[in-house]
Amino acid sequence: MAELTPKERMQIPRQKMPEQDPLQRRCNFSEVALGFTEELAQKEADRCIQCKKPVCIEGCPVEVPIPEFIKAVREGNLKEAARIMKTKNNLPAICGRVCPQETQCEIRCVLGKKGEPVAIGRLERYVGDFELAKKTVPVVQAPDTGKKAAIVGAGPAGLTCAVDMALLGHKVTVFESLQSPGGVLVYGIPEFRLPKKMVNDEILYAAQCLGIRICVDHVIGRAFTIDELLTEHDAVFMGTGAGLPSFMRIPGINYNGVMSANEFLTRVNLMKGYLFPEFDTPAKVGRRVAVIGAGNVAMDSARCSQRLQALEAKRTGEKPGEVHIVYRRSPAEVPARAEEVHHAEEEGIIFDFLTNPTEILGDENGGVKGMRCIRMELGEPDESGRRRPVPIKGSEFVMDMETVIFALGTSPNPLVFVDALDLQRTKHGTVVADPKVGRTTKFRVWAGGDVVTGAATVIEAMGAGKAAAADMHKFLAGGAPLKELEASWAGAVAQPT
Amino acid sequence: MYKILRKEVLSDIIKLMVVEAPQVARKARAGQFVIVRIGENGERIPLTVADFDRRAGAVTIIFQEVGKSTMHMGSLKEGDGFSTFAGPLGHPTEIGKYGAVICVGGGVGIAPVYPIARALREAGNEVISIIGARSKNLLFWEEKMRSVSSELIVCTDDGTCGRKALVTEPLKELLEMRGKDFSRIWAIGPAVMMKFTAQTTQPYKIPTIVSLNTIMVDGTGMCGGCRVLLDDGAKFVCVDGPEFDAHKVDWKSLLSRLGFYRAEERQAVERWKHKCALDSAAASGSVRNG
């Protein structure tokens with residue numbers, strides 16, 4: 001077959017990924033997006049015009065050689081595609097599913113200027129799934145350096161850092177407070193977006209190949225401290241995330257049925273509450289659910305709520321309930337990924353924009369019966385550049401609700417910093433760290449991911465873990481006396497903004 | 001797996017287990033708790049540390065079989081183990097030299113009160129302890145409590161052991177007699193007992209500390225399900241507690257939140273009992289059809 005011209009490539013439409021039907025999937029926890037077939041993948045790969053200066057790579061926090069791996073897919077050489085992918089990203093099956101490609105690599109794709117960009121994320125997922133099933137890429141690990149690194153937190157940042165450090169020949173131990181590694185990938189992101197078996201396989205495979213020790217049930221700040229880790233390790237990376245939930249400061253937040261998205265999602269995902277009573281942890285919502293916020297976590301909470309309602313309706317034979325997303329700004333400011341919003345809409349989630357709760361109303365038994373809200377309008381732009389929502393006087397009204405889930409963002413868990421007073425933090429509770437390499441104010445301690453940036457994306461955390469690993473390696477391999485290193489350390493730290 | 005080194009049956013429904021968990025034992029202090037989980041399908045439940053042995057790397061827990069998980073735990077044997085045994089969590093009790101103190105333990109709450117009373121005694125305090133339960137068969141550690149107290153008052157609701165009284169009765173008498181002497185009171189037990197203890201001590205304005213056992217998932221500050229309303233706003237029991245000033249707690253809200261999953265708890269218990277019945281029928285070879 002003759003090679004296609006760029007013009008011909010650009011005429012191929014962007015390939016859709018098969019998905020479960022919305023009416024069917026809103027009643028189960030199985031994966032929504034089913035992945036490309038070989039044919040679809042090849043066709044999509046054919047669309048890439050192999051730019052000489054691939055700007056898509058600039059949008060990738062871990063700099064995956066995007067055109068190269070797509071070329072290998074086009075040629076039907078998936079082993080090669082996987083090898084190229086894994087030079088930069090060890091968790092492609094995960095990233096292919098949860099990365100916001102539309103704001104990172106795909107937004108830069110030149111095809112997007114006139115039409116639709118190459119579906120880089122879907123191709124990444126295709127390659128990641130192939131590699132996960134076939135395990136073709138040999139792991140080449142550098143010889144043992146004799147240095148030891150401790151990684152705190154087995155989420156995206158910590159695991160990426162751990163894998164890179166182990167590849168470079170360092171002895172790595174990961175400390176995780178929950179019962180299984182994965183962080184937000186296991187407690188936060190639902191099964192229908194990211195199957196847990198896959199997370200587990202991809203993480204454990206990487207860990208096993210590289211001799212990484214993962215210690216679960218180890219709670220930093222209580223069972224051990226950073227200072228203790230520093231006595232037994234040469235370097236410490238903190239990828240402890242942003243696990244502390246926020247509640248609105250309005251009356252009624254302690255009524256039964258009010259919860260944080262963290263609690264709700266942890267019950268559903270990590271503890272498999274949707275399989276109660278086969279699993280012991282119950283997860284339940286009422287017939288009318290309000291999720292406050294419109295980020296990815298809010299979409300996840302809303303869609304999990306709806307699935308729980310559907311399972312309950314199946315059991316009782318009644319009509320399933322309603323799930324509302326209540327957001328104080330307008331559709332234009334919604335921070336969630338476009339695909340997540342689209343999926344939520346398809347599944348029948350109701351969006352109440354420019355609406356803000358002012359009070360949660362309880363019944364005589366301490367349960368939620370409603371939510372007093374006020375209508376908002378957009379005023380002048382605020383510090384974030386978005387137009388500030390302003391309450392409209394006299395527009396209060398009551399929504400009947402049985403469950404209210406707060407998905408308002410999270411901040412780092414203060415527990416992490418017990419006995420680590422020399423670790424400088426910002427007023428938001430995040431760790432002060434060099435934005436490029438992750439060095440903190442504490443000698444031999446690096447940090448990256450949500451603990452530094454506040455709640456952000458999986459791939460940004462992975463990028464930070466990767467950058468920190470490179471710097472930790474440089475530091476450990478330098479061979480300069482410790483005293484000298486300590487003297488030069490402070491200079492590497494950025495001041496809080 | 002965290003192995004059960006020793007199991008002791010304190011009563012039909014109260015069991016003691018010594019569990020191998022060196023990383024918990026290393027740091028554990030009176031007043032802290034652990035999160036335990038049985039098997040891959042298990043829920044994470046908080047249990048207060050009843051004792052610990054740093055050298056042996058072991059932690060003692062005591063629990064009452066009230067729900068499916070604790071019933072399941074009660075059926076485990078020495079040599080079995082837990083899938084999760086994470087901790088120590090929460091703040092330890094602030095032990096100081098306060099002078100004269102009272103330690104009140106109700107039911108299974110006697111277990112967490114013991115290490116606190118012991119530490120207070122070791123710090124040079126005069127410790128008067130009151131322990132109580134519904135009935136004699138639910139009382140335990142009387143001798144241990146006596147050994148760390150200058151005076152021990154035992155009471156049961158039905159009078160089968162010690163005084164026939166609720167723990168608040170001897171407490172009130174003590175306070176009437178020499179209320180000014182006491183600088184602090186600890187009370188641990190069922191939420192209702194702690195609530196009434198708080199009411200009893202309130203008029204005397206003696207700082208009263210309770211250890212709350214709210215519903216938790218992770219136990220590390222992540223879910224906020226354990227939040228409790230105090231005078232000055234909501235706090236997380238897992239990271240801000242588990243001990244709080246009893247006079248500041250909104251008991252009505254606390255009691256209501258404890259009951260949120262009652263229907264599911266009941267369902268799980270029935271399912272467990274059914275499974276146990278089938279298992280024992282199968283074991284005795286007398287499985288009937290239907």
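Structure report, in brief. (Residues numbered from 1 in each chain as written. Chains lettered and ligands numbered in written order. Predicted model: local features only at pLDDT ≥ 70, side-chain atom pairs only at ≥ 80, totals over all residues. Heavy atoms only, no water.)

1. Points about the overall build of chain B
Across its full length, chain B holds 9 helices and 16 strands. In terms of principal-axis extent, the alpha carbons of chain B reach across some 65 × 45 × 40 Å. Residues classed as buried in chain B amount to 58% of the 290 residues present. Long-range pairs, those at least 24 residues apart, make up 65% of the contacts in chain B with a sequence separation of at least 6. (Helix = DSSP H or I, 4+ residues; strand = E, 2+ residues; numbered from the N terminus. Buried < 20%, exposed > 50% of the residue type's maximum accessible area, 1.4 Å probe, protein only. Contact = heavy atoms within 4.5 Å.)

2. Re the overall build of chain A
Along chain A, the regular secondary structure elements total 18 helices and 16 strands. Taken over the C-alpha trace, chain A has a radius of gyration of 24 Å; the compact-globule value for 497 residues is 23 Å, and the two agree within 12%. Reported as C-alpha extents along the three principal axes, the dimensions of chain A are approximately 65 × 65 × 50 Å. Scored against the burial criterion, the 497 residues of chain A give a buried share of 60%. (Rg over C-alpha atoms; globule rule 2.2 N^0.38 Å.)

3. Concerning the environment of Pro22(A)
All names here are of chain A. Tracing the sequence through the fold places Pro-22 in helix 2 (residues 22-25). Considered as a pair, Pro-22 and Ala-344 are 322 residues apart in the sequence and their alpha carbons are 9.1 Å apart. With sequence-adjacent residues up to four places away left out, Pro-22 is seen in contact with Glu-346 and Glu-347.

4. Topic: the sheet that holds strand 8 (residues 322-326) of chain A
Residues and elements named next belong to chain A. Strand order in the open sheet formed by 5 strands is 6-14-7-8-9, with parallel pairing between adjacent strands. Edge strands, defined here as strands with exactly one partner in the open sheet, are strand 6 (258-260) and strand 9 (350-352). Neighbour to neighbour, the strand axes of the sheet diverge by 25 degrees on average, direction disregarded. Here helix 14 (residues 296-316) sits on the sheet and contacts strand 7 (288-292), strand 8, strand 9 and strand 14 (403-406); the angle it forms with strand 8, its principal contact strand, is near 170 degrees. (Pairing = 2+ DSSP bridges. Axes fitted to C-alpha atoms, helices over the stretch in contact; angles between N-to-C directions.)

5. Digging into the side chain of Asp217(A)
Summarising the element assignment, Asp217(A) is placed in the loop between strand 3 (213-215) and helix 12 (226-232). A polar contact is formed between the side chain of Asp217(A) and the side chain of Tyr2(B), at a distance of 2.7 Å. Those residues within four positions of Asp217(A) in sequence are excluded, and the remaining contacts are Glu176(A), Ser177(A), Leu178(A), Gln179(A), Tyr2(B), Gln23(B), Ser83(B), Thr84(B), Phe85(B) and Ala86(B). (Polar contact = N/O pair within 3.5 Å; in protein donor to acceptor, adjacent residues only side chain to side chain.)

6. A few points about helix 17 (residues 458-478) of chain A
Here helix 17 of chain A spans 30 Å end to end across 21 residues, near enough to the 30 Å set by a 1.5 Å rise per residue. Phi for Gly479(A), located one or two positions after helix 17 of chain A, is positive at around 80 degrees. (Expected span 1.5 Å × (residues − 1).)

7. Some remarks on the pairing of strand 3 (residues 33-37) of chain B
Residues in a regular strand project their side chains so that they alternate between the two faces of the sheet. Residues and elements named next belong to chain B. Within strand 3, 5 of the 5 residues are buried, leaving the element largely enclosed by the surrounding structure. Going residue by residue along strand 3, you find Phe-33, Ile-35 and Arg-37 tucked away on one face and Val-34 and Val-36 tucked away on the opposite face as well. Alignment of strand 3 against strand 4 (residues 45-53), held across 4 bridges, turns out to be antiparallel. Counterpart to Phe-33 in the pairing with strand 4 is Thr-48. Bridge analysis of strand 3 against strand 7 (residues 84-89) gives 4 bridges, and the strand direction is antiparallel. In the sheet register, Val-36 faces strand 7, and the bridge partner there is Phe-85.

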